[in-house]
Amino acid sequence: MSHLIAPSILAGNFAYLQKDVEMLNKSEADWIHVDIMDGLFVPNISFGFPVMDAIKKYASIPLSVHLMIIKPERFISRFKKSGADHLIVHYEACTHLHSTIQKIKSEGMQAGVALNPHTTVNHLDDVITDIDQVLIMSVNPGFGGQNFIKNTYRKIEQTWNLIDKRGSSAVIGIDGGVDLTNASKLVELGADILVAGSAIFKSDNPNKTISTLKNI
Ligand SMILES: O=C(CO)[C@@H](O)[C@H](O)COP(=O)(O)O
Ligand SMILES: [Co+2]
């Protein structure tokens, strides 16, 4: 499959959310990446259900929801209700990761697991055949606009090896500091999904930047 682009709406203009979501609908973006932060798992708070409901109201492409919250199992049904198509939980935030993945799938959503930069890919060995996506964090989660961590490149290879070894159908997403300077290398190494916030929304022409990222 050719790679997918998932713009992170966190970098959008919240005073004109409808406008940004409609721009994404019309662009070559495949999914909208929705960052949920609780101020505990990460040192920042983004937004919650009312804002997600507003995004869903105007979105015509899937919402890929990245939960940076502790004990995400508490809110799985609630995120489904607010329109999540994919739910991505952090390995580091789940005591019972396997059961959380099963719960997400039983709600009819795709299940993803995100790994912080310090977390070794091998930790996913026992769940890799149960999940739809591995989201490799290429920054420490909590904020948009940070610098890309270069160790991510070898993590893509390690993730591919694990997927291959276990015969998993999971795809690989990269999140944080993705821009026009590193996108083609990420895709070459095997990234299936590029999540990008600042590189898209802070550019002069977000629509064109999405197209450039999609067609690299
Ligand atoms: O999850 C996160 C940050 O915690 C990301 O989704 C960022 O929101 C991506 O933004 P840029 O790094 O592309 O600006
Ligand atoms: Co994210």
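Per an unreviewed UniProt entry, the protein chain goes by Ribulose-phosphate 3-epimerase and derives from Aequorivita ciconiae. As recorded by UniProt, the Sequence similarities (unreviewed entry) comment attached to the protein chain reads in full: "Belongs to the ribulose-phosphate 3-epimerase family." Here is the UniProt Function (unreviewed entry) comment for the protein chain, exactly as written: "Catalyzes the reversible epimerization of D-ribulose 5-phosphate to D-xylulose 5-phosphate."

Visitor: How should unusual backbone geometry be read in this particular structure?
Guide: The bulk of non-glycine residues show a negative phi, and the bulk of peptide bonds are trans. Notably, K71 is not glycine yet its phi reads approximately 50°, a positive angle. Its location among the elements puts K71 in the loop between β3 (63-68) and α3 (76-81). Owing to 15 C-beta atoms within 10 Å, K71 belongs among the partly exposed residues under this scheme.

Visitor: Help me out: how do you make sense of helix α1 (residues 17-26) in this one?
Guide: For an α-helix, 3.6 residues make a turn, and residues three or four places apart therefore share a direction. Where α1 is concerned, the buried positions are D20, V21 and L24. The buried residues of α1 all sit within an arc of 95° when viewed along its axis, so they share a single face. Exposed and oriented more than 90 degrees from the buried face of α1 are Q18, K19 and K26. Elements in contact with the buried residues of α1: β1 (4-7), β2 (32-37) and α2 (49-58).

Visitor: Looking at this structure, I do not really get the pairing of strand β7 (residues 171-175). What am I missing?
Guide: For a regular strand, side-chain orientation follows a simple rule: the groups alternate between the two sheet faces. The buried fraction of β7 is high, at five of five residues. Burial of β7 is two-sided: the residues V171, G173 and D175 facing one way and the residues I172 and I174 facing the other way are all buried. In this structure, strand β6 (residues 133-137) lies alongside β7, joined through five bridges in parallel fashion. Paired with V134 across the strands is I172, a residue of β7. In this region the chain leaves β6, passes through helix α5 (residues 152-166) and returns to the parallel neighbour β7; the handedness of that crossover is right-handed.

Visitor: Just to check I follow, could you spell out the UniProt feature "binding site: substrate" (unreviewed entry) in the protein chain for this structure?
Guide: Here, the residues flagged by UniProt with the feature "binding site: substrate" (unreviewed entry) are S8, H66, G142, F143, G144, G145, D175, G176, G177, G197 and S198. Tracing the chain through its elements places G142 in the loop between β6 and α5. A tally of 17 C-beta atoms within 10 Å means that G142 is categorised as partly exposed. With near-sequence residues (within four places) excluded, G142 lies in contact with M37, V42, P43, N44 and M68. In this structure, G145 sits in the loop between β6 and α5.

Thresholds, definitions, all that
Residues numbered from 1 in each chain as written. Chains lettered and ligands numbered in written order. Predicted model: local features only at pLDDT ≥ 70, side-chain atom pairs only at ≥ 80, totals over all residues. UniProt positions renumbered as here; feature names shortened; annotations may be inferred. Helix = DSSP H or I, 4+ residues; strand = E, 2+ residues; numbered from the N terminus. Buried ≥ 20, exposed ≤ 12 C-beta atoms within 10 Å, placed from the backbone. Arc of directions from axis to C-beta. Contact = placed C-beta atoms within 7 Å. Pairing = 2+ DSSP bridges. Right-handed = clockwise from strand over helix to strand, strands pointing away.

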